[in-house]
Amino acid sequence: MAVGGAAEAARTAAPCELGATVWLTGLPSAGKTTLAFALAERLRAEGHKVEVLDGDEIREFLSKGLGFSKEDRHTNVTRIGFVAQKLASHGVKVLAPVIAPYADSRAAVRAQHAVAGTEFLEVHVATPVEVCSERDVKGLYAKQAAGEIAHLTGVDDPYEAPVVPELRIETHNRSVAESAADLHAFLTTRGLA
């Protein structure tokens, strides 16, 4: 479908029929995946086709063998972006809880979507590193502090927070349900929920 045709179809489609990529970026243990699964459950209950592209699962299956250099991280992010765009172009709401630490990588994914005329929404899950290290869901901060791992995003590797995301959510000040409701309300204002 041509880009103009996709835009026209979007104007006449019901929210449940519209695909989009919602990219949740933030530090490790910020709450990205938890928020994505909570929102996915609500959207599915409303009849939306939803897929969660979890960063850890993608690394295990699609990007196995990639390391954590800037180049490998960029490759991982753009691979996820490619899959997300393909799914979104077929009416799937894609929730991508992926750190994506570099602004240029996220911009490349946004550009992929723009070329295809597919909606891309960047959501910054803005949880302070101190809160993330207390949560330490996967034990990464403890391993980094013990010298067992290096290049932990936001600690000894950079994280370039979005300057102007479509939405910024501070999960440390809200419950999962409240954060998911905020994100759902945002999607509603965009005609996607």
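Fair warning: this is a prediction, and the values are worked out from it, not measured in the lab. (Residues numbered from 1 in each chain as written. Predicted model: local features only at pLDDT ≥ 70, side-chain atom pairs only at ≥ 80, totals over all residues. Heavy atoms only, no water.)

(A) Fine view of the pattern of salt bridges. If you walk through the whole model with that rule in mind, you get eight salt bridges. A single network of salt bridges, built from pairs that share partners, joins Arg106, Arg110, Glu122 and Glu166. (Salt bridge = Lys/Arg side-chain N within 4 Å of Asp/Glu carboxyl O.)

(B) Examining the nonpolar core more closely. Ranked by internal contacts, the top residues of the largest apolar core, which has 28 residues, are Val22, Leu24, Leu35, Leu95, Val123, Leu183 and Leu187. For this core, the elements supplying multiple residues, two or more each, are strand S1 (20-25), helix H2 (32-45), strand S2 (50-52), strand S4 (120-125), strand S5 (167-169) and helix H8 (176-189). Ranked by residue count, the leading element in this core is H2, at five residues. For Val22, the residues in contact, after removing those within four places along its chain, are Val94, Leu95, Ala96, Leu121, Val123, Leu183 and Leu187. Judged by nonpolar contacts, the second largest core, of 14 residues, contains Ile58, Ala84, Ala96 and Val98. (Core = buried A, V, L, I, M, F, W, Y, C linked by side-chain atoms within 4.5 Å. Buried < 20%, exposed > 50% of the residue type's maximum accessible area, 1.4 Å probe, protein only. Helix = DSSP H or I, 4+ residues; strand = E, 2+ residues; numbered from the N terminus. Contact = heavy atoms within 4.5 Å.)

(C) Highlighting the pairing of S1. With respect to burial, S1 is a largely interior element, six of its six residues being buried. Along S1, one buried face is formed by Ala20, Val22 and Leu24 and the opposite face, lined by Thr21, Trp23 and Thr25, is buried too. Bridge count for S1 against strand S3 (residues 93-97) is five bridges, and the pairing is parallel. Of the residues in S3, the one forming a bridge with Thr21 is Val94. (Pairing = 2+ DSSP bridges.)

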